[in-house]
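Summary of the model geometry
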Amino acid sequence: MALEQKLSMKLSQRLVMTPSLQQAIKLLQMSKLELVEEIQQELVENPVLEESLEAASSGDGPETQEASAEENAFDEIDYEAYFQDLDSGYVPRTPSEPVDPERPTFEATLAKPTNLADHLTWQLDLTTSSPLRKEIGRAIIGNLDEDGYLVASLEEIREMGDYPAQEVEATLRMIQGFDPVGVAARDLAECLAIQLRHLGQSGTAAERIVREHLQLLEKRRYKELADILGLELEDLMAEVEIIRGLDPRPGRKYNRAEGHYVVPDVYVVKVGDEYQVLLNEEGLPKLRISPVYRRMLDRGSDRASPEARAYVRGKLRSAFRLIKSLEERQRTIYKVASSIVKFQRAFLDHGIEHLRPLVLRDVAEDIGMHESTISRVVNQKYMHTPRGLFEMRFFFHSGIPSVDGGEVSSLTVKERIRKIIEAEDPRRPLSDAAIVKVLRAEGLQIARRTVAKYREELKIPPSTHRRPSPG
């Protein structure tokens, strides 16, 4: 059979992660305080970029048009004059130059307490070199609560970046092996089981208790538990003592209670009968290209070395990318916030009992963006409303069906469960089944296990533990 060469054309689509797209994604998921730090760092490192004391211009204004003209004028720059115009005798230190060992670095003078996310991210970077694993790992770490539990489903994690399901599961198992032991579990049983496995207790009665009979243990029904496991009561209590030595909240040690300063990214104000969305740009530096660079446009660049041209070209591109990415970030936050306000108008008017079910897909379809973009926007972003200050993720909740064919927000249902329990007779606390009857009488189609789940999320003990002690 003869071999021959052929030329063929193939049409395909693929997402290319350009530097601009990578930076836009990076900035989008930052909090306002993190963003300010990032901008200040860029101002230090990029001599072409500087802070303007004037008001920010629009994306289509003279400032942007001038920048576009400058970007195409590399060949007209007198690079030597540019460096001569820099007012100082500063010479960048090259990596080959020695550092004074007696002089501490700037980073060494800063004090920053390590939180759970920092501690886990540090371990993640040391454990894997795979960019995909690191990206998935950061998504998982970003969805842990203060106790160290994973509050997002694996499906939600997968959809954040269209990650392969097997990679998400493998990354979760890897993080569950990090310190503190038991972190990234999806419930208490899994948390305790991970710790038992770490102690070499896999396959023991203790592991079977936490995986299959945790409710009996919580209710202290030791005799019944001993019968089920076929153990003497004395042997059972030895297993119980092992379980008591485990930590049900492994993340708490790294999330010490400290003052947390929250800066709203968005203000929602009511003007007449309408709500207006205002971006909070206070404290954000207004960036522009240095006038020193502009003065170079009329000069020649024949004397410039290739290294100088390459250096300035790289810094210019970096500056343009940052300015455009910041503009895109602010526009995207505004669009998402406006969509949330539109969907949650009843909450803003009447309060939490009127919070409607809302998922990322609803907002994504409303403004024509991908769900992963919405997820990045609402992470660590805060909205100040007439009802108070809320993280933007607060407005996203699944729904519970009602008899009229609609849905009620899960957060509204949780609030209703809390009020029902607060109003109960302390001598005869309501069981989860009794709460189900009350809610169904109000038109909510809800299962007992859902009530139990919401009650646990509210940190409310079961009815057997709410009953006052005799005497």
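Residues numbered from 1 in each chain as written. Predicted model: local features only at pLDDT ≥ 70, side-chain atom pairs only at ≥ 80, totals over all residues. Heavy atoms only, no water.

Some remarks on the overall build of the protein chain
Inclusion rule: Only DSSP runs of H or I covering at least 4 residues are called helices, and only runs of E covering at least 2 are called strands; the numbering of each starts at the N terminus. Burial classification: accessible surface area is computed with a 1.4 Å probe over protein chains only, and a residue below 20% of its type maximum counts as buried, one above 50% as exposed, and the rest as partly exposed. Pairs of residues are marked as contacts when any of their non-hydrogen atoms sit within 4.5 Å. Note that accessible areas follow from Shrake-Rupley with a 1.4 Å probe, and for residues the cover is restricted to the protein chains shown.
Each helix and strand in the protein chain was counted, giving 22 helices and eight strands. Considering the protein chain as a whole, with its 471 residues, one finds that 40% of them fall into the buried category. A sequence separation of at least 24 residues applies to 66% of the contacts in the protein chain between residues at least 6 apart. With the model as given, the accessible surface of the protein chain reaches about 28,400 Å², and the carbon-plus-sulfur share is 51%.

What about the environment of L229?
As for its position among the elements, L229 is in helix α12 (residues 222-229). The exposure class of L229 is buried, given its relative accessible area of 14%. Placed 20 residues apart in sequence, L229 and I209 show a C-alpha to C-alpha distance of 8.6 Å. Other than its neighbours up to four places away in sequence, L229 contacts R208, I209, H213 and L236.

Considering the nonpolar core
Counted only if it meets this: In this description, a nonpolar core means a group of buried Ala, Val, Leu, Ile, Met, Phe, Trp, Tyr and Cys residues linked to one another through side-chain atoms lying within 4.5 Å.
In terms of nonpolar packing, the biggest core is built from 29 residues, with V336, V363, I374, M383, M392, F395 and F396 touching the most fellow members. Of all the secondary-structure elements, those providing two or more residues to this core are β2 (266-271), β3 (274-279), α15 (306-343), α16 (345-350), α17 (360-367) and α18 (371-378). Per-element tally for this core: the top contributor is α15, with six residues. Aside from chain neighbours lying at most four places away, what touches M392 is V336, A337, I340, V377, V378, K381, Y382 and M383. With 22 residues, the next largest nonpolar core counts L116, L150, A152 and F178 among its residues.

Topic: the packing of aromatic side chains
Here is the rule we go by: Ring pairs shown here join Phe, Tyr and Trp side chains whose ring centres sit within 6.5 Å, with only the six-membered ring taken for Trp; geometry is labelled stacked below 30 degrees between planes, edge-to-face above 60, and tilted in between. Whether a charge sits over a ring depends on NZ of Lys or CZ of Arg being within 6 Å of the ring centre and within 35 degrees of the ring normal.
Applying the stated rule across the entire model yields six aromatic pairs. For the ring pair F347 and F394, a centre distance of 5.8 Å and an interplane angle of 55° mean the geometry is tilted. Here F347 is found in helix α16, whereas its partner F394 is found in the loop between β6 (388-391) and β7 (399-401), with 47 residues between them in sequence. The exposure classification of F347 matches that of F394, with both residues buried. Where F394 meets F395, the ring centres are 5.2 Å apart and the plane angle is 80°; that geometry is what we call edge-to-face. On the basis of relative accessible area, F394 is assigned to the buried category, the value being 18%. Through a chain of ring-to-ring contacts, the aromatic side chains of F347, F390, F394 and F395 assemble into a single cluster. If you follow K342 out to its NZ or CZ, it ends over the ring of F343, 5.5 Å from the centre.

Describing empty space enclosed by the protein
Counted only if it meets this: Grid points spaced at 1 Å over the protein atoms alone were grouped into cavities, where a 1.4 Å probe fits but cannot get out, and pockets, open sets with protein on both sides within 12 Å along at least five of seven lines, with lining residues defined by an atom within 4 Å of a point. Grid points are joined across faces, edges and corners, and a volume is the space filled by probe spheres set on the points.
For the coordinates displayed, the defined rule picks out one cavity of 30 Å³ or more. Here the largest cavity is characterised by a volume of approximately 30 Å³. Forming the walls of the largest cavity are K32, L35, D265, N280, L284, R329, Q330 and I333. When contributions to the lining of the largest cavity are tallied by element, the ones reaching two or more residues are α2 (32-45) and α15. A total of three residues in the lining of the largest cavity trace back to one element, the largest contributor, which is α15.

Considering the sheet that holds strand β5 (residues 382-385)
Counted only if it meets this: Strand pairing is defined by DSSP finding a minimum of two bridges between the two strands. Between the N-to-C directions of two axes lies an angle of 0 to 180 degrees, each axis being a line fitted to C-alpha atoms and, for a helix, fitted only over the stretch in contact.
If you walk across this open sheet you meet the four strands as β3-β2-β5-β6, and the pairing is mixed. At either end of the open sheet lies a strand with only one pairing partner, and these are β3 and β6. This sheet shows a mean twist of 25° between the axes of neighbouring strands, independent of strand direction. As defined by bridge partners, β5 adjoins β6 across four bridges and the pair is classed as antiparallel.

Considerations on α17
Going by this rule: The arc in question is the one traced by the directions running from the helix axis out to the C-beta atoms.
Of the positions making up α17, those classed as buried are V363, A364 and I367. Taken end-on, α17 shows its buried residues confined to a sector of 100°, consistent with a single buried face. Note on α17: the residue one or two positions beyond its end, G368, has a positive phi of about 70°.

Topic: the pairing of β5
Bridge count between β2 and β5: two bridges; the pairing is parallel. Each residue of the ladder has a partner; that of Y267, found in β5, is H384. Joining the antiparallel neighbours β5 and β6 is a turn of two residues.

So, the environment of R361
With respect to the helices and strands, the residue R361 is situated in helix α17. Overall, R361 belongs to the partly exposed group, its relative accessible area being 41%. Distance from R361 to I374, taken between C-alpha atoms, is 8.5 Å for residues 13 residues apart in sequence.

A look at the packing of helix α19 (residues 410-422) against helix α20 (residues 432-441)
Where we set the bar: By the definition adopted for this analysis, an angle is roughly parallel if under 35 degrees, roughly antiparallel if over 145, roughly perpendicular if from 65 to 115, and oblique otherwise. The crossing is said to be left-handed when, going from far helix to near helix, the turn is anticlockwise and less than a right angle, and right-handed when the turn is clockwise. Gly falls in the polar group here, along with every residue not listed as nonpolar (Ala, Val, Leu, Ile, Met, Phe, Trp, Tyr, Cys, Pro) or charged (Asp, Glu, Lys, Arg).
Closest axis-to-axis distance for the α19/α20 pair is 11 Å, and the angle between their directions is 120°. Comparing the axis directions of α19 and α20 gives the class oblique. Judged by the twist between their axes, the crossing of α19 over α20 is right-handed. Contacts between α19 and α20 involve V413, R416, I417, I420 and I421 on the former and, on the latter, I435, V438 and L439. Among the residues forming the contact of α19 with α20, the class breakdown is seven nonpolar, no polar and one charged.

Quick word on the confidence of the model for the protein chain
Condition: How sure the predictor is of each residue is captured by pLDDT, a score from 0 to 100.
Averaged over all residues, the pLDDT of the protein chain equals 79, while 77% of them reach at least 70. Helix α8 (residues 165-175) holds the highest mean pLDDT among the elements of the protein chain, 94, whereas helix α4 (residues 79-85) holds the lowest, 37. Predicted confidence is poor over residues 55-111, with pLDDT under 50, and the contacts of this stretch with residues over four places away or in other chains come to 67 contacts.

Structural notes on the pattern of salt bridges
We count it as follows: Any carboxyl oxygen of Asp or Glu that lies within 4 Å of a side-chain nitrogen of Lys or Arg is treated as forming a salt bridge with it.
A complete count under the given rule lists 33 salt bridges for this structure. Its salt-bridge partner being E207, residue R211 comes within 3.4 Å of it at the nearest N-O pair. Taken together, the residues span about one helical turn, with R211 and E207 both in helix α10 (residues 205-212) at a distance of four residues. Between E353 and K419 there is a salt bridge, with the nearest N and O atoms lying 3.0 Å from each other. Linking E353 in the loop between α16 and α17 with K419 in helix α19, this pair joins segments that are 66 residues apart in sequence. By relative accessible area, which is 46% here, E353 ends up partly exposed.

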